[in-house]
Amino acid sequence: MKFEHDEFVEMGGTPDVSFELPKGYRKASFTSSRQVVAIPAAQSQRDDPSTVDIQKSQGSGIAPSLPHEFQHHTRAHVRTVYAEVCRSIYELRDYATVASALRDNVKALWYLRKAGYVHRDVSAGNCLWDIASEKGKLSDLEYARPYDKLSMHDPLTGTPMFMAIEYQHKMHMFESDDQTWDQFKSIVGDLLQREIEDQTSLFFTFNFYHDLESIFWVYAWFLHHYIPTDAHDPARNYDDISQSARDFIYCDIKGNGTRNSLLLDQDELLAMIAMLKKVYSQTMAPLIDPIGIGRRIALGYKALEETGPVQVDGKPHHWDANNFSKEVYNDI
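Residues numbered from 1 in each chain as written. Predicted model: local features only at pLDDT ≥ 70, side-chain atom pairs only at ≥ 80, totals over all residues. Heavy atoms only, no water.

## Quick look at the overall build of the chain
In terms of regular secondary structure, the chain is built from ten helices and 13 strands. Looking at the chain residue by residue over its 332 residues, the buried ones come to 36%. Excluding contacts between residues fewer than 6 apart, the proportion of contacts in the chain whose partners are at least 24 apart in sequence is 71%. Taken as a whole, the chain presents about 18800 Å² of accessible surface, with 51% of it coming from carbon and sulfur. (Helix = DSSP H or I, 4+ residues; strand = E, 2+ residues; numbered from the N terminus. Buried < 20%, exposed > 50% of the residue type's maximum accessible area, 1.4 Å probe, protein only. Contact = heavy atoms within 4.5 Å. Areas by Shrake-Rupley, 256 points an atom, 1.4 Å probe, with all protein chains shown as cover.)

So this is what it looks like as structure tokens:
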């Protein structure tokens, strides 16, 4: 998309930014024999952010270098004006247009993947349709980050009903479950004996497939909210689709178990497809077919999570970017 204007919003003639620490910030004092993190407290003292750090040995005070994810990060209030006039998926009512828009957004996500970036906020509001060019556009890149620079401590970003289920729970859910009982017991035993600071080997970071999964949730949302007039029957009971939306679409930022099952259990996805077919009728079946991409994404996760993670500082940190298959994007 083409930028026309991209400037700071001013409040009383001053740019609305947070480049400095808040007024209530102060250093924390502590005594500990373990590595702990200094946390800002709401006091009247204002301190230099360079003094914030980690205490590694017994005693009080602040030592010299805080990990990036715990540092103060600046924010700026910006307004951006684009040359294109677009409509979001929320505003579209035509299924052919929605399908085209989402296909183009999948392409955009592939280009981000090639650039090494994740979007982290794919939603019905950020997937756009450019009226003039009749092409889909992906907007709002303020949460986009280099994939290999992310941390498990990064805050959750996005709209809950479009977020990937793994991301909501910050845990991998598609790893192989083919272990024997003895192998599983060994894994549990190893976990319980491991030192707390070593449990970072149970890594989790946002990845490229999480962006892709959001496209699935956007289409599922659309199917549950806009039934074509040709398929609508005033005499038909729509309680099933209303309940399905409550079970699978609407959730808070932490998600729910029912929603998880739609990707973890193919029978749940098939049950949804059967329910939607009854609502949409046989003639509208092609509109429902794309919802099957949920299974393709689940298989992509499973193949990915059978590979070995990249090590950073001797500990698992993220999946190798080369293991995110282009075939998954092509199939969607």
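## Topic: a nonpolar patch on the surface
A cluster of nonpolar side chains, Phe8, Val17 and Val78, forms an exposed patch at the surface whose accessible area comes to about 210 Å². Summarising the element assignment, phenylalanine 8 is placed in strand S1 (residues 3-8). (Patch = residues over 30% accessible without salt bridge, like charges linked within 9 Å, V, L, I, M, F, W, Y side chains within 5 Å. Salt bridge = Lys/Arg side-chain N within 4 Å of Asp/Glu carboxyl O.)

## Examining the environment of proline 309
As for its position among the elements, proline 309 is in strand S12 (residues 309-312). Residues proline 309 and aspartate 320 lie eleven residues apart in sequence; the distance between their C-alpha atoms is 6.1 Å. If we skip the residues at most four places from it in the chain, proline 309 touches Phe203, Pro316, His318 and Trp319.

## Some words on the nonpolar core
By size, the foremost hydrophobic cluster in this structure holds 67 residues, and its most contacted members are Ile89, Phe216 and Ile291. Here this core gets twelve residues from one element, more than from any other, and that element is helix H4 (residues 208-225). Among residues more than four places away in sequence, those in contact with isoleucine 89 are Val98, Ala101, Leu102, Ala124, Cys127, Val218, Trp221 and Phe222. (Core = buried A, V, L, I, M, F, W, Y, C linked by side-chain atoms within 4.5 Å.)

## Examining the packing of aromatic side chains
Under the defined criterion, the tally for this structure stands at 20 aromatic pairs. Aromatic side chains tyrosine 95 and tyrosine 219 sit 6.5 Å apart centroid to centroid with 90° between the ring planes, which places their arrangement in the edge-to-face category. Of this pair, tyrosine 95 sits in helix H1 (residues 95-115) while tyrosine 219 is found in helix H4, placing the two residues 124 residues apart along the sequence. You'll find tyrosine 95 and tyrosine 219 in the same group, each marked buried. (Phe/Tyr/Trp six-rings, centres within 6.5 Å; stacked < 30°, edge-to-face > 60°.)

## Topic: the packing of helix H5 (residues 239-249) against helix H7 (residues 266-280)
Here H5 crosses H7 at 145°, and the two axes come no closer than 10 Å. As H5 runs across H7, the sense of the crossing is left-handed. Packed against H5, whose contacting residues are Asp240, Ile241, Ser244 and Phe248, the element H7 presents Glu268, Met272, Met275, Leu276, Lys278 and Val279 at the interface. Its residues placed into classes, the contact of H5 with H7 shows six nonpolar, one polar and three charged. (Axes fitted to C-alpha atoms, helices over the stretch in contact; angles between N-to-C directions. Left-handed = near helix turned anticlockwise from the far one by under 90°. Nonpolar A, V, L, I, M, F, W, Y, C, P; charged D, E, K, R; others polar.)

## Observations regarding H1
In a regular helix each residue adds 1.5 Å, so 21 residues correspond to 30 Å; H1 covers 30 Å between its end C-alpha atoms and thus fits that length. Along H1, the residues classified as buried are Tyr95, Thr97, Val98, Ala101, Leu102, Asp104, Asn105, Val106, Leu109, Trp110, Leu112 and Arg113. Positive backbone phi, approximately 85°, marks glycine 116, located one or two places after H1. (Expected span 1.5 Å × (residues − 1).)

## Let's talk about the sheet that holds strand S10 (residues 135-138)
Taken in spatial order, the three strands make up an open sheet running S7-S9-S10, and their pairing is antiparallel. Because the sheet does not close on itself, it has two edges, and the strands there are strand S7 (86-88) and S10. Neighbouring strand axes in the sheet, compared pairwise and without regard to direction, differ in orientation by 35° on average. For strand S9 (residues 127-130) and S10, the ladder comprises four bridges, and the chain directions are antiparallel. Counterpart to aspartate 130 in the pairing with S10 is lysine 135. Along the sheet face, H1 touches S9 and S10 and points at about 45° away from the line of S10. (Pairing = 2+ DSSP bridges.)

## Brief notes about the confidence of the model for the chain
Considering every residue of the chain, the mean pLDDT works out to 80; 73% of them sit at 70 or more. Confidence over residues 29-70 falls short of pLDDT 50; this stretch has 79 contacts with residues more than four positions distant or in other chains. pLDDT under 50 marks residues 196-201. Its contacts with residues more than four places away, or in other chains, come to nine contacts. (pLDDT = per-residue confidence, 0-100.)

## Quick notes on the side chain of threonine 97
Tracing the backbone through its elements, the reader meets threonine 97 in helix H1. Not counting the four nearest positions on each side in its chain, threonine 97 is found in contact with Leu92 and Trp129.

## What to know about unusual backbone geometry
Glycine aside, residues mostly have negative phi angles, and peptide bonds mostly take the trans form. Here arginine 120, not a glycine, exhibits a phi torsion of approximately 75°, which is positive. With respect to the secondary-structure elements, arginine 120 resides in the loop between strand S8 (117-118) and S9. For arginine 120, a relative accessible area of 6% translates into the label buried. Backbone geometry places glutamate 134, a non-glycine residue, at a positive phi of 55°. Relative to the elements of secondary structure, glutamate 134 occurs in the loop between S9 and S10. In this structure glutamate 134 comes out as exposed when scored by relative accessible area, which is 57%.

## Structural notes on the packing of H1 against H4
For any two helices packed against each other, one specifies the crossing angle of their axes together with the interaxial distance. Put simply, H1 and H4 touch, their axes get as near as 10 Å, and they point 170° apart. Taken together, the axis directions place H1 and H4 in an arrangement best described as roughly antiparallel. Note on element contacts: H4 touches H1 through Phe208, Asp211, Leu212, Ile215, Val218, Tyr219, Phe222 and Leu223, opposite Tyr95, Val98, Leu102, Asn105, Val106, Leu109, Leu112 and Arg113. Residues of the contact of H1 with H4, tallied by class, amount to 13 nonpolar, one polar and two charged. (Parallel < 35°, antiparallel > 145°, perpendicular 65-115°, else oblique.)

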